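# Coordinate inspection notes
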Amino acid sequence: MAVLKVKFTKTRRDKLAQILWILNWVSVVSGIVLFSLGLFLKIEIKKRNEVMAKGDVNSLPNMLISVGVIACIINFLGGKICYDCSDANKFSRWKLVMLPYIVCTFCFTFCILVGALMCYTMRNELEESLYLGLRDAIKFYKDTDIPGRCFLKKTVDMLQIGFQCCGNSGFRDWFEIQWVSPRYLNMASKEVLDRLKSNVDGKFLVDGVPFSCCNPSSPRPCIQYQLTNNSAHYNYDFLTEELNIWVKGCREALLDYYTAIMRSIGIAALLIWLFELSVLIGVRYLQTAMKNVLLLGDLEGESDGWLLENSFVETAKYNINIIKNLGKANQISTVSGMNDPNINVQNTNCGKMNVTTKSIPAAS
């Protein structure tokens, strides 16, 4: 029994074809939107590429860009098909193409849904990429004279100022690395030498942060050094005056920023998926209605349209059988009662024929 069968008159078929022609052009615009969103996300990720580790972060924007391009091509073709379906004579040349087109469009529509879901499931991959990238960027902050790393100080400073953050997880990350370049250390100073000797790795570690961690909204001048020493500053308590510098870590700030972008893109992709799915359902109705018109032979009469010719269970079983038989092309078919014509045929003593053989004369 057909699923969701609807009866169409010629007028309703023509109106459906015209509406789908318009909607397919709207779908072309939605494909451009998907492409633009993917390109925007790719550019935003590339802006902070220096503080991200290499990984699968770019898989989402690349998928959105690809799906957007495919959407434009498929929906442009769909618009042409729906426009020709208003005429039964023109439909006859698309008759064999429409079912493969619907199957391909269904797969493409499923890809849009996957892309929308990826916008909500890539947070862990993004967080790991930011953690590793920021860790290395902060580690090489001091290497302003080394080619390939000299830009990292400016990158990290601009990041901390722009996103109002400090360190990877927080400002205390700067306490664990040497972020002051050796060229700016006075090796004649006893304090510097004692600090270098006090560290196992010979690093100059201080309880201080770069200037870019300073909060300009703080009522007092920024305190960058000896942040945990209350006696080093007048009327200061590091446990209560952390507002003097940014408290939020840059990983959290960037993660919130990209998560907000991906959520917005995910909502847009879900809306586009629902729209594409509705267009696909309309094209399926049009295809089955026009196919039945040609079978009936009355181009002006009524015809039935449906989503599935049989029930969901029967359709699933039929497709499963097709998949199972794909690998049996070289085997004897037993479908529809077709048996091997050579089965149960009696043997005619082919192996016991009285044939005289000539003996080979022995060599003399």
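Look above for the structure.
A brief look at the structure comes next. Small disclaimer: the values here were computed from a predicted structure and weren't measured. (Residues numbered from 1 in each chain as written. Predicted model: local features only at pLDDT ≥ 70, side-chain atom pairs only at ≥ 80, totals over all residues. Heavy atoms only, no water.)

The end-to-end C-alpha distance of helix H6 (residues 152-163) is 16 Å, a good match for the 16 Å that twelve residues give at a rise of 1.5 Å each. Taken residue by residue, H6 has Leu152, Val156, Asp157, Leu159, Gln160 and Phe163 as its buried positions. Buried residues of H6, seen end-on, are gathered within an arc of 160° and therefore sit on one face of the element. Exposed positions of H6 whose direction lies more than 90 degrees from the buried face are Lys154, Met158 and Gly162. Immediately beyond the C-terminal end of H6, within one or two residues, lies Gln164, with a positive phi of roughly 55°. (Helix = DSSP H or I, 4+ residues; strand = E, 2+ residues; numbered from the N terminus. Expected span 1.5 Å × (residues − 1). Buried < 20%, exposed > 50% of the residue type's maximum accessible area, 1.4 Å probe, protein only. Arc of directions from axis to C-beta.)

Structurally, the position occupied by Val283 is in helix H8 (residues 250-296). Take Val283: its relative accessible area is 2%, and that puts it in the buried class. For the pair Val283 and Cys85, spaced 198 residues apart in the sequence, the C-alpha separation amounts to 10.0 Å.

On to a nonpolar patch on the surface, then. A surface patch of nonpolar side chains, about 620 Å² in accessible area, is lined by Trp21, Ile22, Trp25, Val26, Phe76 and Tyr83. Of all the secondary structure elements, the ones that give two or more residues to the nonpolar patch are helix H1 (10-47) and helix H2 (59-84). Sort the elements by how many residues they give to the nonpolar patch and H1 lands first, with four residues. Mapped onto the fold, Tyr83 is located in helix H2. On the accessibility criterion, Tyr83 (48% relative accessible area) is partly exposed. (Patch = residues over 30% accessible without salt bridge, like charges linked within 9 Å, V, L, I, M, F, W, Y side chains within 5 Å. Areas by Shrake-Rupley, 256 points an atom, 1.4 Å probe, with all protein chains shown as cover. Salt bridge = Lys/Arg side-chain N within 4 Å of Asp/Glu carboxyl O.)

A few words now on the environment of Trp306. One can find Trp306 in the loop between strand E2 (303-305) and helix H9 (312-325). Sequence separation between Trp306 and Ile281 is 25 residues; the distance between their C-alpha atoms is 9.2 Å.

Quick look at unusual backbone geometry now. Phi at Gln164 takes a positive value of approximately 55°, unusual for a residue other than glycine. Locating Gln164 in the fold gives a position in the loop between H6 and helix H7 (190-198). Judged by relative accessible area, Gln164 falls into the partly exposed class, the value being 44%.

To continue, consider the pattern of salt bridges. In the structure shown here, the tally under the stated rule is eleven salt bridges. The partner of Asp143 in a salt bridge is Lys142, with the nearest N and O atoms 3.7 Å apart. Overall, Asp143 belongs to the buried group, its relative accessible area being 10%.

Positionally, Leu271 belongs in helix H8. Sequence spacing of Leu271 and Ser30 is 241 residues, and the spatial spacing of their C-alpha atoms is 9.7 Å.

The end-to-end C-alpha distance of helix H5 (residues 123-139), which contains 17 residues, comes to 24 Å, matching closely the 24 Å that a straight helix rising 1.5 Å per residue would cover. Buried within H5 are the following residues: Leu126, Ser129, Leu130, Gly133, Leu134, Ala137 and Ile138. Buried residues of H5, seen end-on, are gathered within an arc of 145° and therefore sit on one face of the element. Facing away from the buried side of H5 by over 90 degrees, the exposed positions are Asn124 and Glu128. Of the surrounding secondary structure, the elements contacted by the buried residues of H5 are H6 and H8. (Contact = heavy atoms within 4.5 Å.)

Interpretation in functional terms is not warranted from these geometric data alone.
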